[in-house]
Structure formats: C-alpha cells, structure tokens
Amino acid sequence: MSDLVNVYALLRSKFAENNFSLRYPPTYIRELTQNSDKIILAFVEHDVPVKHDRDMCANSPPLKDRSDSDSLNLTGSPLKDDVIVEELELTGDDVRSTKMWTNEEETLGPLSTEAARSLLQNYINQDCRIGSGELWALCSGTDMDRTVLLQLTVYQADAKNNRKFGRGIVRFTGQRPCASITLAELRSIHRQRAVGMTPAPKIHIRQWYNLHPHIAIRLSWHTMTENANFIAERKASVRISQRLAINIGDYTKYGSPTEYLWQQLQRLALLSEKIVDIRANRVSGYEMYGAHGSNAETVEFIKEKVNSILCKFQAVELSDFTFTTIANMVEQVRNRNLTDVMEQLYDVLILNLTYDDLKSCIDYIFQLAAHANIVNIPSNGTRFAHLIQAMIQDVPTLTSAEPYELLLEVGFTKLMHDFQLIFAECGFYELDFETLFQPQLTNARKSRYNADTVRSGGKTISKASVGGRTGSLSQLGQGSGMLVIEKSIPVRHFDEDEVNMKLSRLAQVHLLVDHLLSLEEFINISSIYGPVCEAYLAQRPLGYHQVYNRDTDLLELDVSEEKLVSLTHKLLPCARRVSMSSSNMVQKLETVFYQNAQPILPERFYPHFRPQEDSAMTDEQMFWCLEYDKIERL
C-alpha cells in the first residue's frame, strides 16, 4: 500500500509551479503496471473548467470489475474495466474504435522529458524521510527515446533512516505489424539492457482476443523455453470478459427474450416509489397507477376475473417445460400457464387501475373470502394470501399505501418464481433467493418507513394489529392442554431498505440471464454457465437505480475450459503483455513489452506518434508498442 500524503504535501509546497495529483493510476499506467494503488502524478494542466470534476474522481477508487478482476485494464477491447471517471462507452457494434482513455485523462497533459527528470531528481534531493509509493511524470515523448512516462518508486526508510529509490521509464517504440514481433527478439532486447544480471527463467505472457465485439478472452501463461513463441499453451489460464450495452436510464431492449422480466421489475420499482410517496404524504403516490384513468368497465371486468379465479373450478394444466436452449426456456416461462392462485390474481390486478380502483378490487377479494365459498384457496406465503386464507368475518380496511404493499409482495413472489423456473429447468445453477437476500436482510439499519412496533407482554407485536387493521388466524393446538395460538397477519409491512435490496438483486439476476443468453449465442460452451452464475451473483449488487443507469454491464471471470483456448487459435491478438526480469546482488530489472491494436495514450498530446498516411495503409494487424523498464534496488 502506498503512503504518499506527506510526499504529496512536500511536492506541492516545494514545487508549486508544477501540477500534482494524488490519485488512482490513469488507465495507461494501470495497463502497464497492473497496479491500482494510489500514485502521485505530475502533469501539465489542460481544460481547467473540468479540473474540479477530475480532482474529485482522482480520489475515488477505480471501480474494479465486480468479479475481483486484477487491475489490468484493456480499452479498445471488451476487457476494458470500469475506470475512475466513467465506464467505457460501448455501442456493442464497434469496440475497436473505442478510445483507450477517459475524458478526464485528456486533461492530464505531458511535461517535457527534461522537466520531468529534473523534477524527480529534485525530489530525491529533498530531506523527506516519511512516505512510500510511486511518483509518475507524464512526458511529451519528443526526446530521442520517445519517453512518455517516468517513474520514481519511494521505499520506506530503513532502521538507519536511509532511503531507497527505484526508477522506471516507459518508451514508445512505434507501430509494428503483429506478425513481425517475436519472443526471441523481446528476450534479446531485455538481455541487452540487463548486462551483468542473471535472467529469471520464467517469462510471463498475456494475450487478449476479441471473439465478438463485446466478448474477449485473456490467456495467461509463463514459459521457460528458449524457442518459445506466442502460441498459447493448452493449460493457459483463461479469463473471459463480456460487456453488454445498456441504454442509459432505460433498459429498452425491445425484442429481447428478457424484456418481460425487466418490465415486471420496473413495475415493482414503480409500486415501491408510490408506497414511499404515500407514506411521505406526497400526492403523487395516489395518482393513477396505470396509463388510463378510472374505468368502470375495466373494474367490473377485473372483478369478474377475480370471481372466476377464486370461486370457480378451473382445469389448469401444468406447463411441460422442455429444455433445448436458455433462450427457449426463457420464452417457455414467459408463456407458462399460471397455476398459482396469487399469481393469477396479480396478473389481473396489475392491469391499468387507479389507486381507488385497485383498492376497490382488493376489497372485493376480501369480501369473497369472508362471505363466499371460495374453492381455489391461495397457497403461497405472502400476507395477501394469508389474509384470504383466514376467512375472516371482519374484513380489513385498507388505507394509505396498503393496497400497493400487498400487490408489491405478490409481484416479487411472481418474478422470483419466473427466474427460479428458468434456472431450474436449464439445470446448470440452483437459484436460491433466500441466500441472495440474506446479507441485506440481516442489516440492523431500518428504513424510516418501517411499520411501527410496540412491546406487549415481553413480545413485539405490530401496532397495526393493535389498531385493528389486521386479520387474525387462530388455530387450536392438537391434544388436550394445548393453548390457543393467535397468529397476527399484518396488512401494513413495508421496509424500504429490504425492498430496494430485493430490487437490486432481481436486477442483477435479470442481467445475468442476458449475459447467459449472449454467451449461449456467441460461444455456446455450456460448461461455463454454472461458474458464470456463481461469479456474477457473488458480487455485491448495485442499487436498482444504478443498474440500468449505465452504458454497459461487465461480466468477467476466470474459467478452466480448454475449448475457450481453442477458439483463439485462428485469431490475431488485439493486445499483448510480456514481462521478464533479471537481477544481481544489487538490483533487479523488469521489462514489460506492451502492444495494443489501439494507442493507449491520449492522441491529442502525441500527434507526432501518428503514422504517416502511406505507412498506415496496410492489411496487416498493427500494434502500438511500448516498453517499460523498472529498476528496483535490492
């Protein structure tokens, strides 16, 4: 971990004419170093109006891909991680044209190489014994070596208060055809710089391949063979990355097999918002729920449907699911026969109704339960079902947000049932919502909208039951001497935190289904579906309103699957990183050769790196090449 606060304060006080930022590394430094600890960056200020936003983002940790990805971050391919300021903007059709830096990184201009060297050397000459970490200076690349970055590593002072420093330099070496770069050449370059040092036997190689515009594979392996090449070994570590495009603020993938799942989820979110509005005495909560105003014909139609569902014998056939593909199973679940009574009621109550009409229809259900001989008794565990089962003579009076609360709970149950059917019938993962909801349910912090409770006789009961708004279900214990147990069924029960957590988890499951559909369409290796589900659902979910308010959603995980390696055999890599090291008794030299089909530095600051038009006209895969040498004192 870096400890650079004192170093940062010293630099700002002693070198006030320069611009410094204590920040998480820009994209291009993370690409080269695979390091995400905070650094100090020296730069030249550009586009001052956005400086405030840049400084705020500099102190925000980089959003790691939520499957515990390492910090390597490859823009220009679907491996692009979430970056400090904004996520990678993808259209889903053209990943290669995406720039490899963020907008705020275009405000960090380079110093001249001479000025950067002088700055770092002047810091070494200062008497600063506290702090450790990395100092970086962005350079213009106009010197003979085309230096683009200089690094100074500050180590903790030893017991005798002596300091040690390490140095690093990054050079741009030009554009070259992919086929012209060999491992033997890179090894030779490193050994020429490591004269008098013993080379380490292992050479670490990473290569990225674009399987599709939004799917990439990273292969990692090491080799100790002198005649080795860039052909991936069968036992290479495999990391698959997929980034799905999301329309900001509105997930409107019309025609997608999962559209009906998203529509259900959006409806539940709307119900939740209305409940919160009503409890906060906002008139908007009582506004019409559907798209149309009060309609007597619609209300009568719904009441007839309700009467038919509860009071008439129905021959409902169980759906016969046949698994062929995930897409087919999603479609079968969408068109399934609703056999559960509460799901059937929800299906008609969710039609366009005003608040008053919805309340009238629910009151009608309670009247049927109290005075009619209903034959189809609800069996699921929602409070709405319990109230119907109780056959109470004193029909509960619904007030405030209670009609929406009852409907919301049934809607959650219906959507969870849909998801569970999809995963159960596909057979590669068991979806357990009780486990998924558990971490947040144990949170001691409660919403201000929770139902109030009071203490009575040493037990906690709902105020709603004290006020007479609940039905009661009394059961006699079997056998003599058993006490009568009264189970209260509260109508009012709404926990805003719990509802938001459920919405977030269900949104996560919805996007997981979309990821699985994409993997099935473009890769179709069923053995990876189970690990994909485990890795994706192990992540902490984003808040519901954050989930769809993004450009893209990233799925990334390590898998053990040789078939994925074989998919890359006929492809050219879109990026490559090769690292090797040598050392002696005094120091260690590590060289990183980084090549990418896209430039990784903001082009506005390096126009002299652009190839001539005649040299750019080629059908060969061209790499932008960088070399990073790091010397560490032992």
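Residues numbered from 1 in each chain as written. Predicted model: local features only at pLDDT ≥ 70, side-chain atom pairs only at ≥ 80, totals over all residues. Heavy atoms only, no water.

A. A look at the pairing of strand β5 (residues 147-154). The element β5 is extensively covered by neighbouring structure, given that 8 of its 8 residues are classed as buried. Where strand β4 (residues 133-138) lies against β5, 6 bridges are found, and the strand directions are antiparallel. Looking at β5, one finds that Glu134 is bridged to Thr153. (Buried < 20%, exposed > 50% of the residue type's maximum accessible area, 1.4 Å probe, protein only. Helix = DSSP H or I, 4+ residues; strand = E, 2+ residues; numbered from the N terminus. Pairing = 2+ DSSP bridges.)

B. Examining helix α7 (residues 296-311) more closely. Its 16 residues give α7 an end-to-end C-alpha distance of 22 Å, which sits within 8% of 22 Å, the value for a rise of 1.5 Å per residue. Val299, Ile302, Lys303, Val306, Ile309 and Leu310 are the residues of α7 that are buried. One side of α7 carries all its buried residues, which in axial view fall inside an arc of 125°. Those residues of α7 that are exposed and aimed more than 90 degrees away from the buried face are Glu297 and Glu304. (Expected span 1.5 Å × (residues − 1). Arc of directions from axis to C-beta.)

C. View of the packing of aromatic side chains. In this structure the tally under the stated criterion is 14 aromatic pairs. Summarising the aromatic geometry, the rings of Trp136 and Tyr628 are spaced 5.9 Å apart at their centres and angled 45° between planes, so their arrangement reads as tilted. Of this pair, Trp136 sits in strand β4 while Tyr628 sits in strand β18 (residues 622-633), placing them 492 residues apart in sequence. Judged by relative accessible area, which is 1%, Trp136 ranks as buried. Between Phe423 and Phe428, the ring centres sit 6.2 Å apart and the planes meet at 70°, which makes this aromatic pair edge-to-face. What links up through ring pairs into an aromatic cluster is the set Phe172, Tyr606, Phe609 and Trp624. The ring of Phe412 is capped by Lys502, whose NZ or CZ atom sits 5.5 Å from the centre of that ring. Its end group placed over the ring of Phe230, Arg576 keeps NZ or CZ at 3.7 Å from the ring centre. (Phe/Tyr/Trp six-rings, centres within 6.5 Å; stacked < 30°, edge-to-face > 60°. Lys NZ or Arg CZ within 6 Å of the ring centre and 35° of its normal.)

D. The state of the cysteines, seen in detail. Taken as a whole, this structure holds 0 disulfides when the rule is applied. No disulfide involves Cys426; its sulfur sits 9.0 Å from the nearest other cysteine sulfur, which is in Cys533. (Disulfide = S-S within 2.5 Å.)

E. Highlighting the environment of Asp347. Along the chain, Asp347 falls in helix α9 (residues 341-349). What makes Asp347 partly exposed here is its relative accessible area of 42%. Here the alpha-carbon distance between Asp347 and Val410, two residues 63 residues apart in the chain, equals 9.9 Å.

F. Region of interest: the pairing of strand β10 (residues 237-245). Within β10, 7 of the 9 residues are buried, leaving the element largely enclosed by the surrounding structure. In the sheet, strand β9 (residues 215-223) pairs with β10 via 6 bridges, with the strands oriented antiparallel. Across the sheet, Arg218 pairs through a bridge with Arg239, a residue of β10. As paired strands, β10 and strand β15 (residues 552-559) are joined by 8 bridges and run antiparallel to one another. Bridge pairing links Gln242 to Leu555 in β15.

G. The arrangement of helix α6 (residues 259-279) in detail. Compared with an ideal rise of 1.5 Å per residue, which puts 21 residues at 30 Å, α6 spans 31 Å between its outermost C-alpha atoms and is within 8% of the ideal. Of all the 21 residues making up α6, 16 are buried; the element is thus mostly covered by neighbouring parts of the structure. Once α6 finishes, Asn281 follows within two positions and takes phi at roughly 60°, a positive value.

H. Broad picture of the packing of helix α8 (residues 326-334) against helix α15 (residues 496-522). Following both chains from N to C, one finds α8 and α15 inclined at 140°, their axes separated by 9 Å at the closest point. By the angle between their axes, α8 is oblique relative to α15. For the pair α8 and α15, the contacting residues are Ile326, Ala327 and Val330 in the first and Val513, Leu516, Leu517 and Glu520 in the second. (Axes fitted to C-alpha atoms, helices over the stretch in contact; angles between N-to-C directions. Parallel < 35°, antiparallel > 145°, perpendicular 65-115°, else oblique. Contact = heavy atoms within 4.5 Å.)

Bear in mind that shape data such as this cannot, by itself, settle questions of function.
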